[in-house]
Amino acid sequence: MSVTKKPRAPLLEAGEGALRELVEVFWLEGGPRQLGPVARGGQGQVWRLDLEEPRRSLAVKELFAGGDEQRIAIENGYRDLAVAAGIRAPANLRTVDGCYLAEVAGAVVRVSTWVDGSEPRPDESGAPEWLGRTLATLHTLGHPVDHSGPTSTDPPIPDPGIWLELAEQGPAAGRPWASALARAAPALSGLGAAVQPADANRMVVSHHDVQPSNVLVETGEFVLLDWDGVGPIDPGRELASRLYTWHVHENRLDKDAARRTLRAYRAAGGHAVIGEAEAYGGIPDALAYLKGQAQASLDTSLPAAMREHSTRETSELLADPPQPEIFQAIVELGRTM
């Protein structure tokens, strides 16, 4: 089963109809109490569904562009392996038909258990070590890589000319990020040029998005969310990109925290190596996301709410663009561990 739609504004509403339909479609025990939005990204929105008798909460993820049932089943199988290996993660619920996806009140949704926690600070006690152990566990689960498909899930590097092209369109549309994008264009093109093709022989299946915003601390334990991106990746590229997202702040690498992550990674059996090719491993995703958000910000065929969200995202991304020297610092640190 595949449920795919053109990206659009959220359709779910916190009404009696949606509440009742969620309970029926996902065969939920307990009467519905309330449904409310709690977080939103470029591709979806998360709602909290509260039930009573017994009282509990569930996470409802609305997917703006739909989803693929087979893809989610593979993701869930990998998540189950990770949980068996000691990683905490929300459980995915099935519909009465045994599916993970459903259309509810015109929206494509999936449901999982609720995690009542807070996002960790990258430097808080235990966070660097948890990151290292978790990446090592993910990289050594032994989930088979499908070599019949793409050798990598990396998106293509944007054409260097796209940055100035988008920047030139920005002023006429009143986009506040236009001048920042024009200034960043040479550096963004240089980062794209530094990316080397991934080695198909080094691939493992992994989470792909272990960043602070996808982790919650609940009763003192770290819980990893958002397994949508599960797929093949060079473990060195993922390790380097997570060192960047967790331990680089205002374009400065927190070397102490990064060393703690690397020590924990090695102690837990992690085998990835970070060299020049791996250091830029997160750049394809970062550039593709920036390009997509800038394009969505300009796309008048999209609902205003989605354009506004993409405008804010683009401005925030360009406020602190990655600098090449940071990646060299990650390479040098990796060589010492």
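Residues numbered from 1 in each chain as written. Predicted model: local features only at pLDDT ≥ 70, side-chain atom pairs only at ≥ 80, totals over all residues. Heavy atoms only, no water.

With that settled, consider the pattern of salt bridges. Evaluation of the coordinates by the stated rule reveals 13 salt bridges. In this structure, K61 engages D226 in a salt bridge whose closest nitrogen and oxygen atoms are separated by 3.0 Å. Highlighted residues: K61 in strand β4 (residues 56-63) and D226 in the loop between β10 (221-224) and β11 (231-233), separated in sequence by 165 residues. By relative accessible area, which is 21% here, K61 ends up partly exposed. The partner of R202 in a salt bridge is D234, with the nearest N and O atoms 3.7 Å apart. In this pair, R202 is assigned in the loop between α5 (178-194) and β8 (204-206) and D234 in the loop between β11 and α6 (235-247), connecting sequence segments 32 residues apart. Looking at R202, the relative accessible area reads 32%, which means it is partly exposed. In this structure D234 comes out as buried when scored by relative accessible area, which is 3%. Each of K61, E75, R110, D226 and D228 takes part in a single network of salt bridges with overlapping partners. (Salt bridge = Lys/Arg side-chain N within 4 Å of Asp/Glu carboxyl O. Helix = DSSP H or I, 4+ residues; strand = E, 2+ residues; numbered from the N terminus. Buried < 20%, exposed > 50% of the residue type's maximum accessible area, 1.4 Å probe, protein only.)

Quick look at the sheet that holds strand β6 (residues 102-104) now. Strands sit in the order β2-β3-β4-β7-β6 across an open sheet of five strands; the sheet is antiparallel. Taken across any chain shown, the strands that pair with only one partner, and hence form the sheet edges, are β2 (31-40) and β6. If you compare each strand with its neighbour and ignore which way they point, the axes differ by 40° on average. In the sheet, strand β3 (residues 44-52) pairs with β4 via eight bridges, with the strands oriented antiparallel. Residue pairing across strands places D50 opposite S57, the latter belonging to β4. (Pairing = 2+ DSSP bridges. Axes fitted to C-alpha atoms, helices over the stretch in contact; angles between N-to-C directions.)

Topologically, G190 is positioned in helix α5. The sequence separation of G190 and Q323 amounts to 133 residues, and the corresponding C-alpha distance is 9.9 Å.

This structure, assessed with the given rule, holds five aromatic pairs. A centroid spacing of 5.3 Å and a plane angle of 5° characterise the contact between Y244 and F327, whose relative ring orientation is stacked. With a gap of 83 residues between them, Y244 in helix α6 and F327 in helix α11 (residues 324-335) connect regions that are remote in the sequence. On the basis of relative accessible area, Y244 is assigned to the buried category, the value being 18%. The buried category is assigned to F327, whose relative accessible area is 4%. Ring plane angle 25° and centroid distance 4.8 Å describe the contact between Y280 and F327, whose orientation is recorded as stacked. In this pair, Y280 sits in the loop between α8 (276-279) and α9 (283-298) while F327 sits in helix α11, placing the two residues 47 residues apart along the sequence. Summarising the burial analysis for this pair, Y280 and F327 share the class buried. (Phe/Tyr/Trp six-rings, centres within 6.5 Å; stacked < 30°, edge-to-face > 60°.)

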